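Analysis of the macromolecular model
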Amino acid sequence: NKKVNFLYLGLRKPNKGVFEYLQAIKIVIETGVKNINFYLIGASYGISFKEINDFILNNNLEKNIIFKNEFVTEKEKKEFYKVCNYAIVPYSVNYAGGAGALKEAISYGRPVLSSSLKQFEMLADKSNSISIFEVDNVKRLANIMIELSMTPADKQLKIRENAKNFSNSIGWPSASEFYKN
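Treat the numbers as computed from the prediction; the structure is a model and nothing was measured. (Residues numbered from 1 in each chain as written. Predicted model: local features only at pLDDT ≥ 70, side-chain atom pairs only at ≥ 80, totals over all residues. Heavy atoms only, no water.)

The next point concerns the nonpolar core. Formed by 31 residues in total, the largest nonpolar core has its most connected members in Phe6, Tyr21, Leu22, Phe38, Leu40, Leu113 and Met145. For this core, the secondary-structure elements that each account for two or more residues are strand 1 (4-9), helix 1 (18-30), strand 2 (36-41), helix 2 (49-58), strand 4 (86-89) and helix 6 (138-149). Ranked by residues supplied to this core, first place goes to helix 6 with seven residues. Beyond its immediate chain neighbours, meaning those up to four positions away, Tyr21 contacts Phe6, Leu7, Tyr8, Phe38, Tyr39, Leu40, Ile88, Pro90, Leu141 and Met145. (Core = buried A, V, L, I, M, F, W, Y, C linked by side-chain atoms within 4.5 Å. Buried < 20%, exposed > 50% of the residue type's maximum accessible area, 1.4 Å probe, protein only. Helix = DSSP H or I, 4+ residues; strand = E, 2+ residues; numbered from the N terminus. Contact = heavy atoms within 4.5 Å.)

Of the two faces of strand 4, the one holding Tyr86 and Ile88 and the one holding Ala87 and Val89 are both buried throughout. As judged from the two bridges shared by strand 1 and strand 4, these two strands associate in the parallel manner. Residue pairing for strand 4: Leu7 is matched across the bridge by Ala87. As paired strands, strand 4 and strand 5 (residues 112-115) are joined by three bridges and run parallel to one another. For Ile88, the partnering residue across the bridge sits in strand 5 and is Leu113. (Pairing = 2+ DSSP bridges.)

Here the focus is the pattern of salt bridges. Tallying each qualifying case throughout the model produces eight salt bridges. Lys77 is paired through a salt bridge with Glu104; the nearest N and O atoms lie 3.0 Å apart. Here Glu104 lies in helix 4 (residues 100-107) and Lys77 lies in helix 3 (residues 74-83), a separation of 27 residues in the sequence. For Lys77, a relative accessible area of 13% corresponds to the buried category. The partner of Glu79 in a salt bridge is Lys82, and the shortest N-O contact between them spans 3.8 Å. Remark: Lys82 and Glu79 occur in helix 3; sequence separation between them is three residues, near one turn of the helix. Classification of Lys82 by relative accessible area gives partly exposed; the value is 38%. (Salt bridge = Lys/Arg side-chain N within 4 Å of Asp/Glu carboxyl O.)

As a volume, the largest pocket reaches approximately 210 Å³. What lines the largest pocket is a set of 17 residues, among which Leu9, Gly10, Leu11, Lys77 and Glu104 lie closest to the centre. In terms of residue count, helix 4 provides more of the lining of the largest pocket than any other element does, three residues in total. Of the residues contributing to the lining of the largest pocket, the split by class is nine nonpolar, four polar and four charged. Quantified by volume, the second largest pocket comes out at close to 180 Å³. In this structure, the second largest pocket is lined by 13 residues; those nearest its centre are Lys2, Val4, Thr151, Ala153 and Gln156. Of the residues in the lining of the second largest pocket, the class split is four nonpolar, six polar and three charged. (1 Å grid on protein atoms, 1.4 Å probe; cavity = no way out; pocket = protein on both sides within 12 Å on 5 of 7 lines; lining within 4 Å. Points joined across faces, edges and corners; volume = space filled by probe spheres on them. Nonpolar A, V, L, I, M, F, W, Y, C, P; charged D, E, K, R; others polar.)

Distances and angles like these do not, on their own, reveal function.
In structure tokens:
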């Protein structure tokens, strides 16, 4: 069975759900699912590297997470999106920013698992490639990741095609550049 790759990419802040993602990973690992890789990529702001690394080490997750704690270049970002099957946007209830991370992931033709914030739900209603879970519901996020890891490859490809088509239909430029290269 081919591994399914989940990607959390971007600036990590307290309200961007990094610990919710890590808690969901812990649940997935505890169920014994083996065909998943987890990526945690980007710099931290307001959360120390030590806090994140301690959580990973204290919960024995280091074998299951590719962890890069620094800003990534556009070229690196493109490579991470190429290897991932799904992007994760688990932002917390007190997140008041825009939907940039979600839009970026879809612009690269990747389906998204997103918390149920209003700015994300509006996009999910228009797309067949965004799975919404209740804010801070790590069990639901873990269950979605487990379900997707068991989804047949042809259906996963269809989900990614939906993301790519949605992105192209609304004209987000990164998608066309990504698929040309």
